[in-house]
Amino acid sequence: MAAYLDVEGDPDDDLFDICSRFMRRTKLRNSNERLMVYGLFKQATEGDVTASRPGLLDMVGRAKWDAWKQLEGQTKLQARTGYIKYVMEHHGPAFQDFMVMADGDGLAEEEDLEGDEEGGGGGGDEAEIYAKLSTLSQPWQEGLRRTGVIGIKAGMLPYFDEWGQRHAATAVCFEACEVVQAKTMETDGYVALQVGGGGNRKVKNVPGTQLGHYKKQGVLPKYTLNEFRVSEAALLPPGTPLTAQHFVPGQRVDVQGVSKGKGFQGAMKRWGFKGMGASHGASKSHRSLGSIGQTGPGRVWKGKKMAGRMGGKTRTIDNLVVLRVDPEKNVVLLKGAIPGPKGSFVHVTDARFEPRFPRDPPFPTFFAEPGKDYEAEDAPPGERDPLSFEERFH
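Asker: Pulling in residues and values, what's your account of the overall build of the protein chain?
Answerer: Counting its regular elements, the protein chain contains 8 helices and 12 strands. In the protein chain, 75% of the contacts between residues at least 6 apart in sequence involve partners at least 24 apart.

Asker: Give a detailed account of the nonpolar core, specifying residues and quantitative values.
Answerer: Core analysis: the biggest nonpolar cluster contains 32 residues, and V172, F174, V253, V255, L334 and V348 have the highest contact counts within it. Taken together, the elements giving at least two residues each to this core come down to β1 (149-160), β4 (192-200), β6 (252-258), β9 (314-326), β10 (331-335) and β11 (345-350). Ranked by residues supplied to this core, first place goes to β9 with 3 residues. Each residue touching L334, except ones within four places of it in the same chain, is listed here: A168, A169, T170, V172, V253, V255, V321, V322 and L323.

Asker: Talk me through the packing of aromatic side chains; I want residue IDs and the actual numbers.
Answerer: Across all of its chains, the model carries 4 aromatic pairs by this definition. Measuring from ring centre to ring centre gives 5.3 Å for W140 and F357, while their planes differ by 70°; the resulting arrangement is edge-to-face. Of the two residues, W140 is situated in the loop between α5 (126-134) and β1 and F357 in the loop between β11 and β12 (377-378); the sequence distance between them amounts to 217 residues. W140 sits in the buried class, given a relative accessible area of 10%. Through a chain of ring-to-ring contacts, three or more aromatic side chains come together here, namely W140, F357 and F363.

Asker: For the pairing of β4, give the residues involved together with the corresponding values.
Answerer: For β4, the buried fraction is high: 9 of the 9 residues fall into the buried class. In the sheet, strand β3 (residues 178-183) pairs with β4 via 5 bridges, with the strands oriented antiparallel. Across the sheet, residue K183 finds its bridge partner in β4, namely A192. Here 7 bridges tie β4 to strand β5 (residues 222-229), and the two strands are oriented antiparallel to one another. In the strand pairing of β5, G196 is matched with L225.

Asker: Tell me what's going on with the pattern of salt bridges, and back it up with residues and numbers.
Answerer: As enumerated under the stated definition, the model contains 8 salt bridges in all. Here E227 and K183 are joined by a salt bridge, their closest N and O atoms 2.6 Å apart. Highlighted residues: E227 in strand β5 and K183 in strand β3, separated in sequence by 44 residues. Look at K183 and you get buried, because its relative accessible area is 13%. The salt bridge involving D378 is made with R324; its shortest N-O contact spans 2.8 Å. Here the residue D378 occupies a position in strand β12, and R324 occupies one in strand β9, the gap between them amounting to 54 residues. Where salt bridges share partners, they join D254, D318 and R352 into one cluster.

Asker: Run through the sheet that holds β3, naming residues and quoting values.
Answerer: Consider a sheet: its strands pair through backbone hydrogen bonds, and that pairing is either parallel or antiparallel. The antiparallel open sheet is built from 3 strands, whose spatial order is β3-β4-β5. The open sheet is flanked by β3 and β5, the only strands paired with a single partner. When strand polarity is set aside, the average angle formed by the axes of neighbouring strands in this sheet is 25°. Of the strands in this sheet, β3, β4 and β5 touch helix α6 (residues 208-217), which is tilted by about 85° from β3.

Asker: How would you sum up the environment of N319? Please name residues and give values.
Answerer: Relative to the elements of secondary structure, N319 occurs in strand β9. For the pair N319 and K335, spaced 16 residues apart in sequence, the C-alpha to C-alpha distance is 9.4 Å. With residues near it in sequence (within four places) discarded, N319 still touches R252, V253, D254, A351 and F353.

Asker: Talk me through α6; I want residue IDs and the actual numbers.
Answerer: For α6, every residue scored as buried is listed here: L211, Y214 and Q217. Within α6, the buried residues cover an arc of 130° as seen down the axis, which keeps them to one side. For α6, exposure combined with an orientation more than 90 degrees from the buried face picks out G208, T209 and K216. At its buried positions, α6 is contacted by β3 and β5. G218 sits one or two positions beyond α6 and adopts a positive phi of about 75°.

Asker: Kindly report on unusual backbone geometry, identifying the contributing residues and their values.
Answerer: Cis geometry marks the peptide bond from F363 to P364, where omega comes out at 0°. With respect to the element layout, P364 can be found in the loop between β11 and β12. The phi dihedral of K284 is positive, around 55°, even though this residue is not glycine. Among the secondary structure elements, K284 is positioned in the loop between α7 (267-271) and β8 (308-310). Since its relative accessible area comes to 83%, K284 is described here as exposed. A positive phi is found at N319, a non-glycine position, where the angle reads about 60°.

Asker: Talk me through the confidence of the model for the protein chain; I want residue IDs and the actual numbers.
Answerer: Across the protein chain, the average pLDDT comes to 77, with 67% of residues at or above 70. Low pLDDT, under 50, characterises residues 97-112; the predicted model gives this stretch 37 contacts beyond four residues in sequence or across chains. Every residue in residues 115-124 is under pLDDT 50, and counting partners more than four places away or in other chains gives 16 contacts.

What counts and how
- Residues numbered from 1 in each chain as written.
- Predicted model: local features only at pLDDT ≥ 70, side-chain atom pairs only at ≥ 80, totals over all residues.
- Heavy atoms only, no water.
- Helix = DSSP H or I, 4+ residues; strand = E, 2+ residues; numbered from the N terminus.
- Contact = heavy atoms within 4.5 Å.
- Core = buried A, V, L, I, M, F, W, Y, C linked by side-chain atoms within 4.5 Å.
- Buried < 20%, exposed > 50% of the residue type's maximum accessible area, 1.4 Å probe, protein only.
- Phe/Tyr/Trp six-rings, centres within 6.5 Å; stacked < 30°, edge-to-face > 60°.
- Pairing = 2+ DSSP bridges.
- Salt bridge = Lys/Arg side-chain N within 4 Å of Asp/Glu carboxyl O.
- Axes fitted to C-alpha atoms, helices over the stretch in contact; angles between N-to-C directions.
- Arc of directions from axis to C-beta.
- pLDDT = per-residue confidence, 0-100.

Below you can see the structure in the form of structure tokens.
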């Protein structure tokens, strides 16, 4: 076997890619088998074989059958090793040509999407990207609809405004949130942006169909996707980053998320029923919901409040105030609570009701200038001191 482990020196990139694709298709995970396959490829692909795709498929099928037929009675490892050796010695060039043709058909490969996970999927010079994106900036006009952003609920904390008043705030961070696809009237029949967020996902954990979609758009795979309807003027190219500075301190937003799942619960916890008597006369029915109907219809009315599964539903909280925007941490603080547990994904959009903005927001989104430091910004304080005794009672 040592003769087939000729991997000295720097491996050829193209040959290594072909070998990697073959190993994924044959489900080889052992490092020794991978080295052996690479050595086989290196020895067997010296010739030049050209054939049509059907001919190659037929050749692969016959080679597989002949190899396994000769290896009957051997162990699984011996059979796999012998099969690879037989096929690569007899049909190595054909396999190479087949892999090149398969790659030309648009099969997504891991190497094409690997990169700096902390950056975006577009790559390139930051200054050049900023120069291209900054040309998309437009003045804000009432009636326009901007895209939403996918965030992660980080938890709750107290927030003290300039008057010293304490507010319950929820921190939402936006990790590697980017535009994945732009949908237009010509191609899809409606105008929307497909946004990916929640961080960059490992390529090996992404299904092949999704991987092909990300590869086509030139964006690194994300943990979650969502569509936001936008105005035609608010369309953005794939790979455009969406950060916390998309929002203006003091504006109002709508937050959508999935509430905490609490499992199967009784009527008292689920609907706030009083329950039955707590002392005399209530025989093992202290937390019972009571009567569920009357004699007349002989059935239970639809929608009757009874015990059942509680939580785990999509809920939207409207008109939450943005208390603070922190560009360095890419976090916004929202006044109040939002649905879901810590670490859950939430969709943050501009509020549907007026008034929404204390000043004109960036449109279609905020484009950060590379190399420039942006400071955290708080919502403007109220005009009246909320803790003033005289203003409260006079």
